[in-house]
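Coordinate inspection notes
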Amino acid sequence: MSSSISLITPSYRGDLDSCRLLCDSIDRYVTGYDLHYIVIGDEDADAFVSFEGEKRRVIVSSSLLPSLWALPKWRGRRYWWAPHLRLPIYGWHLQQMRKIAMTLAQPSERVMCIDSDNCFCRPLDLSAMASTPKLAHHVASGDINPTRPSHVRWWQNAHRLLGLSVPALPGDDSISQMVLWERRTVATMVKRIEGASRLPWWQALARIRHFSEYLVYGVAVANDPELAQRHERVSQSPCLTYWEGPALDREGLAAFIEGLKPGQTTIAIQSHTHTPIEVIRKAALG
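First things first, this report covers the structure right here in the doc. In this text, all values refer to a predicted model and were calculated from it rather than measured experimentally. (Residues numbered from 1 in each chain as written. Predicted model: local features only at pLDDT ≥ 70, side-chain atom pairs only at ≥ 80, totals over all residues. Heavy atoms only, no water.)

**Here we look at the packing of aromatic side chains**
Geometrically, a pair of aromatic rings is defined through the distance of the ring centres and the angle of the planes. Using the following cut-off: Note on ring pairs: Phe, Tyr and Trp rings are taken, using the six-membered ring of Trp, and paired if centres are within 6.5 Å. Classes follow the plane angle, with under 30 degrees stacked, over 60 edge-to-face and the rest tilted. Three labels apply to residues, based on accessible area from a 1.4 Å probe with only protein chains included: buried if under 20% of the type maximum, exposed if over 50%, partly exposed otherwise in between. Two conditions define a charge sitting above a ring: the NZ of Lys or the CZ of Arg must be within 6 Å of the ring centre, and it must be within 35 degrees of the ring normal.
Going through the model one piece at a time under the given rule, you end up with six aromatic pairs. Relative to W92, the ring of Y90 lies with its centre 6.4 Å away and its plane at 40 degrees, an arrangement referred to as tilted. Accessibility expressed as a relative area gives 22% for Y90, which makes it partly exposed. On the basis of relative accessible area, W92 is assigned to the partly exposed category, the value being 33%. Taken together through their ring pairs, the aromatic side chains of Y90, W92 and F211 make up a single cluster. Here R209 stacks its cationic end above the ring of Y90, 5.3 Å away from the centre of that ring.

See the structure below:
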């Protein structure tokens, strides 16, 4: 039975305000965890110095992954390159790789991956999640189908990365805003990627390009009886997400938070809704 859990958040300079709100909400509401790791690119280290604390560490990418060369921005986006890659990789590729690398590098037996645009609104004692016999694994059964082509591609590539044949659709989706991982399972996943590709795991991900770290994990669990035995499929996400719509004002956000179901402690307001951070902060933290 596991007994330790940490949090992992990939972030970057552009998400600074959102990440600060997430950290403040963790400090207010979350207990029972070892450490909160914020994983960033080396180029953003100066912006995150103040985030360090007794239970929070800022980890730069070069301490987890081989050095990549930052390329000049093009059309407002960052790109990175290494000689053994076929094409440059994007920031969202790196954020996914950093979650995997950080999970392997830290000592806790379980981790909660939580992105910068999340915010806790209710108390959560993570020690309960650290000590359950089986790790809760959020799965949306059959949600990967032709109406979601990006998810289909990521799911198919997850099978290929793990050396598995690709089954017929529909498939199960395991992408969520807050995802629990087991370090041992991530280690097994990485080993299988390297066995199938004969490349370091991060190179295999970079070369396939279209991937979701959460779907690779989900497919690994679903196709291994030993891994599946250590997980418990659950259908409800611990996070309530506002995916699209107009910017929420204070009253709208308060009503949204009222919609949290038992067991949900967190909201995620997508940045493209242009809901002001100050409004979210006020609603969540008072």
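**Notes on helix α6 (residues 201-208)**
Using the following cut-off: Starting at the N terminus, helices and strands are each numbered in turn, a helix being any DSSP run of H or I of at least four residues and a strand any DSSP run of E of at least two. Whether two residues are in contact is decided by their heavy atoms, any of which lying within 4.5 Å being enough.
When you tally the buried positions in α6, you get six out of eight residues, the bulk of the element. Inspection of α6 places W201, W202, Q203, A204, L205 and A206 among the buried residues, and these make up the whole buried set. Where α6 is buried, its residues meet β7 (89-90), α2 (91-105), α4 (149-161) and α5 (183-197). One or two residues past the end of α6 sits R209, with phi positive at roughly 70 degrees.

**Let's talk about the side chain of S11**
Note the threshold: Under this definition, polar contacts are N or O atom pairs within 3.5 Å; protein pairs additionally need one hydrogen-donor-capable and one acceptor-capable atom, and for neighbouring residues in sequence, both atoms have to be side-chain atoms.
Considering the arrangement of structural elements, one finds S11 in the loop between β1 (5-10) and α1 (16-29). Among the residues examined, S11 registers a relative accessible area of 0% and is labelled buried. Only 2.9 Å separates the side chain of S11 from the side chain of S116, close enough to count as a polar contact. When residues no more than four places from it in sequence are discounted, the contact partners of S11 are C19, I38, V39, I40, F48, Q95 and S116.

**Considerations on helix α10 (residues 277-285)**
Among all positions of α10, only V279, I280, A284 and L285 are buried. In this structure, the buried side of α10 is in contact with α1, β9 (118-120), α9 (250-258) and β17 (266-269). Among the residues trailing α10, G286 stands out with phi positive, at a value near 80 degrees.

**Thoughts on the sheet that holds β17**
Note the cut-off: What makes two strands pair is DSSP finding at least two bridges between them. Between N-to-C directions, angles span 0 to 180 degrees; the directions come from axes that are lines fitted to C-alpha atoms, helices contributing only their stretch in contact.
On the basis of which strands lie adjacent, the open sheet formed by three strands has the order β9-β17-β16 and mixed pairing. This sheet does not close on itself; its edge strands, each paired only once, are β9 and β16 (239-242). When the angles between neighbouring strand axes are averaged without regard to direction, this sheet yields 25 degrees. One ladder, built from four bridges, connects β16 with β17; its direction is parallel.

**So, the packing of α2 against α6**
To keep it simple, the criterion reads: Any angle between 65 and 115 degrees counts as roughly perpendicular, while under 35 counts as roughly parallel, over 145 as roughly antiparallel, and the rest as oblique. Handedness of a helix crossing follows the sense of rotation of the near helix relative to the far helix, less than a right angle counterclockwise being left-handed and clockwise being right-handed. Three residue categories are used. Nonpolar comprises Ala, Val, Leu, Ile, Met, Phe, Trp, Tyr, Cys and Pro, charged comprises Asp, Glu, Lys and Arg, and polar comprises the others, including Gly.
Viewed as axis vectors pointing N to C, α2 and α6 meet at an angle of 165 degrees, and their least axial separation amounts to 11 Å. On the basis of their axis angle, the class for α2 and α6 is roughly antiparallel. Note on packing geometry: the crossing formed by α2 with α6 is right-handed. The segment α2 lies against α6, with M97, I100, A101 and L104 engaging W201, W202, L205 and A206. Looking at side-chain class alone, the contact of α2 with α6 contains eight nonpolar, no polar and no charged residues.

**Quick word on the pattern of salt bridges**
Our working rule: Whenever Lys or Arg places a side-chain nitrogen within 4 Å of a carboxyl oxygen from Asp or Glu, that contact is recorded as a salt bridge.
Here the structure, examined in full by the defined rule, presents 14 salt bridges. Its salt-bridge partner being D44, residue R13 comes within 3.2 Å of it at the nearest N-O pair. Separated by 31 residues along the polypeptide, R13 in the loop between β1 and α1 and D44 in the loop between β3 (36-40) and β4 (56-60) bring together distant segments of the chain. With relative accessibility at 35%, the residue R13 sits in the partly exposed group. Residues E213 and K99 are paired through a salt bridge, measuring 2.7 Å at the closest nitrogen-oxygen approach. In this pair, E213 sits in helix α7 (residues 213-222) while K99 sits in helix α2, placing the two residues 114 residues apart along the sequence. Accessibility classification places E213 together with K99 in one group, the buried group.

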